[in-house]
Amino acid sequence: MQDVISKLVKVQELEMRATKVSASDAEVIKALRKGIPDPILAHYDRLRIRGKKGVAIIRNQVCTSCHMGVAIGTIVTLKQGKDIQLCGSCGRYLHLPPEPASETAVAMLPAKPKRKKRAAVRVPDAS
Ligand SMILES: [Zn+2]
C-alpha cells in the first residue's frame, strides 16, 4: 500500500509542478494513475479540485499541510507499510518520507487514541 502513496506523491508533484502539464508529464501521470486504486484516486482528485494537495508529508510527527500532530499509531502503521492513512485533521493522504536510521524509536511510544475532530487549542475556564 505504501507503493500506492509513493505513486500518488509522484502524480501530485507532476500535477502541481506547472500550471500546464506537458505532454510527456501527462503520459507519466496516466501511467502512475493506472497503478492507484480508483477510490484512492477519487479522494485525491476531490482534494485537488478544491486546489488542495491530496497528499501531505509527515515531518516530525506533524502533518505538513495542516500542522496538526499525527497520532503515533498512524505513523507506526505507515512505517510498516501495511495500510494507507488519512490525516485526521485535514483528510489528506499521509506520506511518511524515508527517515535516517537515527530517528527515535517511534514504536516505543504508547499509541494515542485516534482523534476524530480537531482538538480545541484552548478550553476556556468553566469557572
Ligand atoms: Zn493534515
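You'll find the structure just up there.
Residues numbered from 1 in each chain as written. Predicted model: local features only at pLDDT ≥ 70, side-chain atom pairs only at ≥ 80, totals over all residues. Heavy atoms only, no water.

Student: When you look at the pattern of salt bridges in this model, what are you seeing that I'm missing?
Tutor: A side chain of one charge can pair with a side chain of the opposite charge if their charged atoms are brought near each other. Scanning the model with the defined rule gives five salt bridges in all. Notably, a salt bridge pairs Lys 7 with Asp 3, separated by 3.4 Å at the nearest N-O pair. Pair noted here: Lys 7 and Asp 3 are both in helix α1 (residues 2–17), with a separation of four residues, about one helical turn. With a relative accessible area of 47%, Asp 3 lands in the partly exposed category. In this structure, the salt-bridge partner of Glu 15 is Arg 33, at a minimum N-O distance of 2.8 Å. In this pair, Glu 15 sits in helix α1 while Arg 33 sits in helix α2 (residues 23–34), placing the two residues 18 residues apart along the sequence. Using a relative accessible area of 17% as the deciding quantity, one classes Glu 15 as buried. A single network of salt bridges, built from pairs that share partners, joins Glu 15, Arg 33, Asp 45 and Arg 48. (Salt bridge = Lys/Arg side-chain N within 4 Å of Asp/Glu carboxyl O. Helix = DSSP H or I, 4+ residues; strand = E, 2+ residues; numbered from the N terminus. Buried < 20%, exposed > 50% of the residue type's maximum accessible area, 1.4 Å probe, protein only.)

Student: Before we go on, may I ask you to explain the sheet that holds strand β2 (residues 62–63) in this structure?
Tutor: Strand pairing in a sheet relies on backbone hydrogen bonds. The paired strands run either parallel or antiparallel. Taken together, three strands build an open sheet; the order of strands is β2-β1-β3 and the sheet is mixed. Each edge of the open sheet carries a strand with a single partner, namely β2 and β3 (93–95). By the bridge criterion, three bridges tie strand β1 (residues 55–59) to β3 in an arrangement that is parallel. Opposite Ala 56, over in β3, you have Leu 94 as the bridge partner. (Pairing = 2+ DSSP bridges.)

Student: I tried to follow the coordination of the zinc ion on my own but got confused; where do I start?
Tutor: Where a metal carries four tetrahedral donors, each ideal angle is 109.5 degrees; where it carries six octahedral donors, the ideal angles are 90 or 180 degrees. Around the zinc ion, the protein contributes the donor atoms Cys 63 (SG), Cys 66 (SG), Cys 87 (SG) and Cys 90 (SG), at 2.2 to 2.3 Å from the metal centre. Written as a sequence motif, the donor arrangement for the zinc ion is C-x2-C-x20-C-x2-C. Note that Cys 66 is positioned in the loop between β2 and α4 (72–80) and Cys 87 in the loop between α4 and β3, a separation of 21 residues in sequence. Owing to a relative accessible area of 16%, Cys 66 belongs among the buried residues under this scheme. Residue Cys 87 is classed as buried on the basis of its relative accessible area of 6%. (Donors = N, O, S within 2.8 Å, 3.2 Å for Na, K, Ca; no water.)

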